[in-house]
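Examining the three-dimensional arrangement
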Amino acid sequence: MPADKMTSMSADDQKAILHRYLQTAREALLWKLEGLSEYDVRRPLTPTGTNLLGLVKHVASVEIEYFGDCFGRPSGEPLPWFGDDAETNADMWATPDESRDDIVALYHRSWAHSDATIEAMALDDTGSVPWWTKPEVTLQQLLVHMVAETQRHAGHADIVRELVDGAAGLRADNSNVPDDVDWASYVQTVEGAAATFRAGADG
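Here the structure is a predicted model, which is why all the values come from computation and not from measurement. (Residues numbered from 1 in each chain as written. Predicted model: local features only at pLDDT ≥ 70, side-chain atom pairs only at ≥ 80, totals over all residues. Heavy atoms only, no water.)

**A word on the overall build of the chain**
Stated precisely, the cut-off is as follows: To qualify as a helix, a DSSP run of H or I must reach at least 4 residues; to qualify as a strand, a run of E must reach at least 2; elements of each kind are numbered from the N terminus. Should any heavy atoms of two residues lie within 4.5 Å, those residues are considered in contact. In short, Shrake-Rupley with a 1.4 Å probe defines the accessible areas, and a residue's cover is counted only from the protein chains shown. His is not counted, nor are the chain ends; Lys and Arg add positive charge and Asp and Glu add negative charge. Each charge is placed at NZ for Lys, CZ for Arg, CG for Asp and CD for Glu.
Helix and strand counts for the chain stand at seven helices and two strands. Counting from the amino terminus, the chain carries its helices and strands in the arrangement α-α-α-α-α-β-β-α-α. Projected onto its principal axes, the C-alpha coordinates of the chain cover approximately 60 × 50 × 35 Å. Considering only contacts in the chain between residues 6 or more positions apart, those separated by 24 or more positions represent 69%. Carbon and sulfur atoms make up 54% of the accessible area of the chain, which amounts to about 11,900 Å² in all. Side chains of the chain carry 16 positive and 34 negative charges; the gap between the two charge centres is 2 Å.

Listed below in structure tokens is the structure:
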């Protein structure tokens, strides 16, 4: 949307757009768990341990903090993985006693709490993020931040899910991925182009 058109919209319309983008990102992230085993939603697939269920746990947790505590609207949700005695990066992976259903339910509760804050506040209402260099923020800033944060982690989930079983796409009703591509041939083409820069390659 052009910037001049965005600025001419009412604050409520702008808030609705940001909220819609946030919800789209939430749903895309959660969909990446569907159809997988307990092991596959939990297993780390990058050198830094990125895993699908951990991404959902993390995003659920930070939403609760940003749209709850930072605006003086605590959710009451216990988040022990942020405690001083928690395991390393405990918000980024699921322990054996944390079920998939528990974490998905936490995410849904975080949506509900965040949505209540978004509904109740104006875009220019302020809060505080104590761990930021400039703590004072507006609801608009945190909406933009959480859209970016959630989409970033949804992108991580795209890659991790593809590594698990080859599944790719935006959502069930719109993959946003071409369905008429010979992917094996495409990958060979991309590799061939990259190989021209391999150390020692001719040319």
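And the narrative resumes.
**Brief notes about the pattern of salt bridges**
Note the threshold: Throughout this description, the term salt bridge denotes a Lys or Arg side-chain nitrogen within 4 Å of a carboxyl oxygen of Asp or Glu. Buried residues are those whose accessible area, probed at 1.4 Å on protein chains only, stays under 20% of the maximum for their type, while exposed residues exceed 50% and partly exposed ones sit between those limits.
Inspection of the entire model under this criterion finds 10 salt bridges. The shortest N-O distance in the salt bridge between arginine 43 and aspartate 40 comes to 2.7 Å. The same class applies to arginine 43 as to aspartate 40, namely buried. Salt bridges sharing common partners tie together Arg26, Glu63 and Asp115.

**Quick word on unusual backbone geometry**
A positive phi angle, close to 50°, is found at asparagine 89, a residue other than glycine. Examined against the element boundaries, asparagine 89 turns out to sit in the loop between α4 (52–67) and α5 (100–120).

**Some remarks on the packing of aromatic side chains**
Note the following rule: Working definition: rings of Phe, Tyr and Trp (its six-membered ring) pair if their centres are within 6.5 Å, and the pair is stacked with planes under 30 degrees apart, edge-to-face with planes over 60 apart, and tilted otherwise.
Under the defined criterion, the tally for this structure stands at four aromatic pairs. Ring pairing ties together the aromatic residues Tyr66, Trp131 and Trp132, which thus form one cluster.

**Considerations on α4**
Applicable threshold: A helix is expected to span 1.5 Å multiplied by its residue count minus one. Two N or O atoms form a polar contact when they lie within 3.5 Å of each other; inside protein one atom must be a possible hydrogen donor and the other a possible acceptor, and for residues adjacent in sequence the pair counts only when both atoms belong to side chains.
Helix length check: α4, at 16 residues, gives a terminal C-alpha distance of 23 Å against a target of 22 Å (1.5 Å per residue), a fit within 8%. The element α4 is extensively covered by neighbouring structure, given that 16 of its 16 residues are classed as buried. The N-cap of α4, judged by a side-chain oxygen 2.7 Å from the amide nitrogen of glycine 54 a few residues on, is asparagine 51.

**Topic: the environment of serine 114**
By secondary structure assignment, the location of serine 114 is in helix α5. Given a relative accessible area of 0%, serine 114 falls into the buried group. Separated by 48 residues in sequence, serine 114 and tyrosine 66 place their C-alpha atoms 8.3 Å apart. Residues contacting serine 114, with those up to four places away along its chain left out, are Arg26, Glu63 and Phe67. Engagement of the side chain of serine 114 in a polar contact is seen with the side chain of glutamate 63, the distance being 2.6 Å.

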